[in-house]
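A closer look at the structure
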Amino acid sequence: MAITSTLPSSTSPLQNHNHLTIPTRTHIKSISIIPTTHITSKSHENRKEETEATIPTMSEILKASRAQKVDLQLQTLGPFFRITAKSLETQKDLGKAEGLIRVWVRGRILHLDSIRLRRETVGMEKSIFGIGLFIGAVAVRYGYDCGCKTAELLAINDSDLYHSKLVRFYTRIGFKAVHEVSGSRVGDYGHMLVWGGIGTRMDALVEELLIKWCTRFKFRN
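Residues numbered from 1 in each chain as written. Predicted model: local features only at pLDDT ≥ 70, side-chain atom pairs only at ≥ 80, totals over all residues. Heavy atoms only, no water.

**A closer look at the overall build of the protein**
Summing up its helical and strand segments, the protein has eight helices and seven strands in all. Partitioning the contacts of the protein with sequence separation of at least 6, the portion at a separation of at least 24 is 61%. Surface summary for the protein: the accessible area is close to 14,500 Å², and the carbon and sulfur share equals 57%. (Helix = DSSP H or I, 4+ residues; strand = E, 2+ residues; numbered from the N terminus. Contact = heavy atoms within 4.5 Å. Areas by Shrake-Rupley, 256 points an atom, 1.4 Å probe, with all protein chains shown as cover.)

**Some thoughts on the packing of aromatic side chains**
Per the stated rule, a full pass over the model turns up five aromatic pairs. Ring centres 5.9 Å apart and planes at 70° place the aromatic pair tyrosine 170 and phenylalanine 175 in the edge-to-face group. Taken individually, tyrosine 170 and phenylalanine 175 each receive the classification buried, so the pair is uniform in this respect. Put simply, the rings of Phe134, Trp213 and Phe217 pair up and form one aromatic cluster. Over the aromatic face of tryptophan 104 sits the side chain of arginine 102, whose NZ or CZ is 5.0 Å from the ring centroid. (Phe/Tyr/Trp six-rings, centres within 6.5 Å; stacked < 30°, edge-to-face > 60°. Buried < 20%, exposed > 50% of the residue type's maximum accessible area, 1.4 Å probe, protein only. Lys NZ or Arg CZ within 6 Å of the ring centre and 35° of its normal.)

**Observations regarding the environment of arginine 66**
Within the secondary structure layout, arginine 66 lies in helix H2 (residues 58–67). Judged by its relative accessible area of 44%, arginine 66 falls in the partly exposed class. A C-alpha to C-alpha distance of 9.2 Å links arginine 66 and serine 87, two positions 21 residues apart in sequence.

**Re the pairing of strand S3 (residues 93–104)**
When strand S2 (residues 80–87) meets S3, the two strands line up antiparallel, connected through seven bridges. Note on S3: the bridge partner recorded for phenylalanine 81 is glycine 99. The antiparallel pairing of S2 with S3 creates a hairpin that spans five residues between the two strands, and glutamine 91 there sits at a positive phi of about 65°. Pairing geometry for S3 and strand S4 (residues 107–117), over ten bridges, is antiparallel. Residue pairing across strands places glycine 99 opposite leucine 112, the latter belonging to S4. (Pairing = 2+ DSSP bridges.)

**Observations regarding the confidence of the model for the protein**
Averaged over the protein, the pLDDT score is 77; the fraction of residues at 70 or greater is 71%. This stretch, residues 1–34, has a pLDDT under 50; its non-local contacts, to residues over four places away or in other chains, come to six contacts. A low-confidence stretch, residues 123–128 stays under pLDDT 50, and its non-local contacts, those more than four residues away or across chains, total eleven contacts. (pLDDT = per-residue confidence, 0-100.)

**Details of the environment of alanine 155**
Assignment of secondary structure puts alanine 155 in strand S5 (residues 150–156). You can call alanine 155 buried: its relative accessible area is 0%. With residues up to four places along the chain from it excluded, the contact list for alanine 155 reads His163, Leu166, Val167, Tyr170, Ile198, Gly199, Thr200 and Met202.

**Observations concerning the pattern of salt bridges**
Under the defined criterion, the tally for this structure stands at seven salt bridges. Measuring nitrogen to oxygen at the nearest pair gives 2.8 Å for the salt bridge that ties arginine 82 to glutamate 98. Here the residue arginine 82 occupies a position in strand S2, and glutamate 98 occupies one in strand S3, the gap between them amounting to 16 residues. Arginine 82 gets classed as partly exposed once you look at its relative accessible area, which sits at 36%. Across the pair lysine 96 and glutamate 98 runs a salt bridge whose closest N-O atoms are separated by 3.9 Å. One network of salt bridges, with partners in common, ties together Arg82, Lys96, Glu98 and Arg116. (Salt bridge = Lys/Arg side-chain N within 4 Å of Asp/Glu carboxyl O.)

**Some points on the environment of leucine 88**
Looking at the secondary structure, you find leucine 88 in the loop between S2 and S3. Leucine 88 sits 19 residues away from lysine 69 along the chain, and the two C-alpha atoms are 5.1 Å apart. Among all residues touching leucine 88, those that are not within four sequence positions of it are Arg66, Lys69, Val70 and Asp71.

**Details of the sheet that holds strand S1 (residues 70–77)**
Either a parallel or an antiparallel arrangement is found when strands of a sheet pair, and the pairing is made through backbone hydrogen bonds. Strand order in the open sheet formed by seven strands is S1-S2-S3-S4-S5-S7-S6, and the pairing between neighbours is mixed. Bordering the open sheet on either side are S1 and strand S6 (176–181), each of which pairs with just one other strand. Strand-to-strand twist in this sheet, taken as the mean axis angle between neighbours without regard to direction, amounts to 20°. Two strands pair when backbone bridges link them, and S4 and S5 are joined in this way by four bridges, in the parallel orientation. Looking at S5, one finds that histidine 111 is bridged to glutamate 152. Contacting S4, S5 and strand S7 (199–205), helix H5 (residues 160–173) crosses the sheet at an angle of about 160° to S5. (Axes fitted to C-alpha atoms, helices over the stretch in contact; angles between N-to-C directions.)

Here it is, written out as structure tokens:
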């Protein structure tokens, strides 16, 4: 006995399957891709806005320094910069910092070549934890505005006592030791040519420094 199908050709299961699933797949793609991109973009924008609201601006740093009777001036020439500190009371120079914005494979780096304080102020706690911090803050904020992600410096080792104070100071404000430049190894010669001496090489993330210092320089209403 021959068995014949009574299902009309116009209602083929294969045709019904194609008709139902193709629009469904297209609809799912439109839901899964667009909202993900939107959420990622909004998350990045929110984080950037929160960071900008947290870190001190250059004007806030300068305002805080003037409240301590210290006038800070920033001078730039190409990639190089110099920051000078002067007493508003005596008009005497208190210290200065010099450095440059260095372009590297990892991006722009804030290279702090030197921070010098006058000898008569070195023994004062205000100088190393006040004036030194103000000068450093201007340099770091300038580096941030120039797009630097990392700051680098050498805590120079002119004497054991002053070197240990410098390392403690830079560690306190957010830097981390990455290399001891002693001159006893071949690899130290490159550091000595760049920095002009021996000491402790230290790095920090620029954004983290500014966040760490925010309460020192931001004025609360």
